[in-house]
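# Residue-level structure breakdown
Listed below are the residues making up each chain.
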Amino acid sequence: MDVYLLAVIAYLTFMVALSFYKSLRVKNQQDFMVSGRSASTLVMVTTLIATWTGAGSLIGGAGLAYRQGFSELWMAVGAWVAIVLVYWLAGRVRHLAEYTLPDILEKRYNGAARLLGSIALIIGCTTIVGYQFRGGAYVLELVTGIPWQTGVAIVTLMVIVLTGLAGMKSIFALDLVNGIMILVGIVIAVPLLVWELGGVNAVIASLPPEHFSIMGGRNIVWALAVFFPVFFLLLGEPSMYQKFFSAKDEKTAKRAVIGWVVGIIVVDVLICTLAVIGSAMFPLLGQQGHAERVILDVARFGLPAWAGCLLLAAGIAIVFSTANSFLMAPATNITHDIIQRFIKKDMSQKTVLIVNRATIIILGILAYVLLTRFKNVLSMALAAYTMIGAGLTPAILAAFFWKRVTTAGGLASILGGIVGTIMTKIIFDISSVHAFFEASFGIPGDELGEYIIIPAFLLAAVLLIVVSLSGKKPPEEKWKPFFERA
C-alpha cells in the first residue's frame, strides 16, 4: 500500500479513536460545550493555532500566495493585529463565564441581538466548514485517487463523527496533537523543499519579481480589502470566544493569546513561503501546478516520502481541526442560544446532548450543500469572513470598548452587517457590475469578491455609531460587567 495513503489512514484512525475515548467522559452540557471549563494554557494555545489555521490558509491563502507571492501575507497580518487586540479581551471574556458568543450579545444588548447574531454566526461558520470539506477532499484525491465529489462526502461524514462524539472535549484533545503536527510538518517542509529545488538562488531566479514585492502588483485598496475580512473575522470569531469560556481561568486565557500570536505568525509565514516556493517547483520540474492545491502537491511530489507524509498529516490536521471547531460553534449556538433560550428552556442534560449532536449532523450536511455555491475557496472564505466580521464584530467590540453603545445601535449594526454582506455578494456577482468595476477601477470581475468587506462593514459600523448616538445613554448595569478587570 502507498506510504502516503497509510499516513492518511493512520492519522484519521487515531483521531476517531481519540474522539471516541473522550466521548466516554462527556456527562453534561458543560463538558460538551466548554470542556468543563478546565483547559490549560498549552491546550488553549494549540487549539487556537489549529482552529485558526484552516483550509482558508491551506488552500485559499496558499493559492493566493502561489499567484501573488508574499503580498498574500496582508491576509495573515489582519489576524496578527486582531490577536494582539484580543489579548485585552480574553480575560474579560472568560470572566463573563458564558457558553457562546450570542450569550454576550444578549447580556450587552437583548434577546433580539442574540437571535440576529445567531443567524450571522450560523451562516458564516457553516460556510467556513464547507470549504474545510473541500480541503480534505483534495488530500484524499491526491493520495488515494478518490474522485473529489466522493472525497467531500467522506470528509463530511468524518467531521460530523469527530465533532459529535465528544464536542469540545474531543476538539481540545485533537487540537493538542493537530497543533503540534501543523508546526512540525511545515517547519520541516520549507528548508527541505528549498534544498530539493537547488537552493535559495535557484528558487528566487525562477519566480517573478512581483512575488517579492509588498503589494504583488496590486494597490493599497486591495491590500486593505484582504486585510480587513480576516481582521474582523478573528475579532468576532465565535469558536474563539467559546474556547476562552473553556479556559481554566482568566489568566490562562490571557497567557494563551501570547502563545497564539507567536505560533500563528510562524505558521502563516511558513505556509505562505511554502506556497511561493511551490509555485517555483513546477516550472523547475517542467510541470503545470494547481494554485489551490500547491501545499498538498509539495507534500506529494516535492519532498522526501517521510517529510511528505508529515506535511500531508499537517494538512489533514489543518482541515479537521478547523472544521470541528467551526461546526461545533453553530451547533452549540442553535442548541443553547435558540432552542434552549426561545423554544424549550427546561431540557434535561441528556436531551441537550442529543439535540446538540443532531444539530451537528444537520449543519454538516448543510455545509456540504453550501460548498457547491462558490467558485473557489478564496471567494467562499471571504464571504464567510465578511458575514461574521461585519455582522458580529462591530457589536462585539462596542460591547467591550464603548460604554455609549445602545441596544438599538447593536441591533442595527448586526442586521446591517448581515444584509450588507448578502446584498454586496449578490451585487458583486452581476456581470454588468463586473464590467463597471473593471472599466472604472481596473478590478477584474472575477476578483471583485475580494472587496466584499468594504461596503458591508462600513454599513454595520455607521449604523452602530449613528443609531447609538441618537438614543439615550445605556444604564450602567448594561455595560459595567464588560469593563470589569479579570
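One can find the structure itself at the top, above this paragraph.
Below is a summary of the structure that appears in this document. (Residues numbered from 1 in each chain as written. Predicted model: local features only at pLDDT ≥ 70, side-chain atom pairs only at ≥ 80, totals over all residues. Heavy atoms only, no water.)

Moving on, we come to the overall build of the chain. Counting its secondary structure elements, the chain contains 22 helices and zero strands. Taking 2.2 N^0.38 as the reference for a compact globule, 486 residues should give roughly 23 Å; the C-alpha atoms of the chain span a radius of gyration of 22 Å, in line with that estimate. Over its C-alpha atoms, taken along the principal directions, the chain stretches across nearly 65 × 60 × 40 Å. A buried classification covers 61% of the 486 residues belonging to the chain. Averaged over its 35 positive side-chain charges, the chain has a centre that lies 11 Å from the centre of its 26 negative ones. (Helix = DSSP H or I, 4+ residues; strand = E, 2+ residues; numbered from the N terminus. Rg over C-alpha atoms; globule rule 2.2 N^0.38 Å. Buried < 20%, exposed > 50% of the residue type's maximum accessible area, 1.4 Å probe, protein only. Lys, Arg positive; Asp, Glu negative; His and termini not counted. Charge placed at Lys NZ, Arg CZ, Asp CG, Glu CD.)

Look at helix α7 (residues 111-144) against helix α8 (residues 148-166): their axes get within 8 Å of each other, and the N-to-C directions meet at 120°. Relative to α8, the element α7 is oriented oblique. Between α7 and α8 lies a crossing whose hand is right-handed. Here α7 contributes Phe133, Arg134, Gly136, Ala137, Tyr138, Leu140 and Glu141 to the contact with α8, which in turn contributes Trp148, Gly151, Val152, Ile154, Val155, Thr156 and Val159. Looking at the contact of α7 with α8 residue by residue, the classes come out as nine nonpolar, three polar and two charged. (Axes fitted to C-alpha atoms, helices over the stretch in contact; angles between N-to-C directions. Parallel < 35°, antiparallel > 145°, perpendicular 65-115°, else oblique. Left-handed = near helix turned anticlockwise from the far one by under 90°. Contact = heavy atoms within 4.5 Å. Nonpolar A, V, L, I, M, F, W, Y, C, P; charged D, E, K, R; others polar.)

What follows is about the environment of Val257. Counting through the fold element by element, Val257 comes out in helix α13 (residues 250-285). When residues no more than four places from it in sequence are discounted, the contact partners of Val257 are Ile83, Val86, Tyr87, Ala90 and Phe244.

Relative orientation of the contacting elements helix α11 (residues 220-235) and helix α21 (residues 453-469) amounts to 55°, with a least axis distance of 9 Å. Classified by the angle between their axes, α11 and α21 sit oblique to one another. Considering the relative orientation of α11 and α21, their crossing is left-handed. The segment α11 lies against α21, with Val221, Ala225, Phe228, Pro229 and Phe232 engaging Ile453, Ile454 and Phe457. Grouping the constituent residues of the contact of α11 with α21 by class yields eight nonpolar, no polar and no charged.

This model, assessed by the stated rule, comprises eight salt bridges. We note a salt bridge from Asp337 to Arg114, for which the minimum N-O separation is 2.2 Å. Taken together, the residues Asp337 in helix α15 (residues 305-343) and Arg114 in helix α7 connect sequence positions 223 residues apart. Asp337 gets classed as buried once you look at its relative accessible area, which sits at 0%. A relative accessible area of 7% means that Arg114 is categorised as buried. Lys243 is the salt-bridge partner of Asp175, the closest N and O atoms lying 3.5 Å from each other. Taken as a pair, Asp175 in helix α9 (residues 168-196) and Lys243 in helix α12 (residues 238-246) lie far apart in primary sequence, 68 residues in all. Like Lys243, Asp175 is buried. When salt bridges that share partners are traced, they join Asp103, Glu106, Arg114, Asp337 and Arg341 into one network. (Salt bridge = Lys/Arg side-chain N within 4 Å of Asp/Glu carboxyl O.)

This next bit is on the side chain of Thr100. Looking at the secondary structure, you find Thr100 in the loop between α5 (73-96) and α6 (101-108). According to the relative accessible area criterion, Thr100 is buried, its value standing at 3%. Side-chain polar atoms of Thr100 contact the side chain of Asp337, separated by 2.7 Å. Not counting the four nearest positions on each side in its chain, Thr100 is found in contact with Phe245, Thr332, His336 and Asp337. (Polar contact = N/O pair within 3.5 Å; in protein donor to acceptor, adjacent residues only side chain to side chain.)

Under the counting rule described, the total for this entry stands at eleven aromatic pairs. Both rings, one in Phe70 and one in Phe212, keep their centres 5.9 Å apart while their planes meet at 40°; by these two values the pair is tilted. Separated by 142 residues along the polypeptide, Phe70 in the loop between α4 (55-68) and α5 and Phe212 in the loop between α10 (200-205) and α11 bring together distant segments of the chain. The interplanar angle of 15° and the centroid separation of 3.6 Å between the aromatic rings of Phe232 and Phe457 together place this pair among those described as stacked. Of this pair, Phe232 sits in helix α11 while Phe457 sits in helix α21, and the two are 225 residues apart along the sequence. One exposure class covers both Phe232 and Phe457, and it is buried. Here a set of aromatic residues connected by ring pairs shows up, and it is made of Phe227, Phe228, Phe231, Phe232 and Phe457. (Phe/Tyr/Trp six-rings, centres within 6.5 Å; stacked < 30°, edge-to-face > 60°.)

Turning next to the side chain of Ser413. By secondary structure assignment, the location of Ser413 is in helix α19 (residues 407-428). According to the relative accessible area criterion, Ser413 is buried, its value standing at 0%. If we skip the residues at most four places from it in the chain, Ser413 touches Ala390, Gly391, Pro394, Ala395, Ala460, Leu463 and Leu464.

Residues Phe244, Trp260 and Phe320 are the most contacted members of the largest nonpolar core, which totals 178 residues. The element best represented in this core is α15, accounting for 20 residues. (Core = buried A, V, L, I, M, F, W, Y, C linked by side-chain atoms within 4.5 Å.)

Attention now goes to α5. Here α5 spans 34 Å end to end across 24 residues, near enough to the 34 Å set by a 1.5 Å rise per residue. The largest bend in α5 comes to about 45°, at Trp88. (Expected span 1.5 Å × (residues − 1). Bend = angle between axes of the 7 residues up to and from the residue.)

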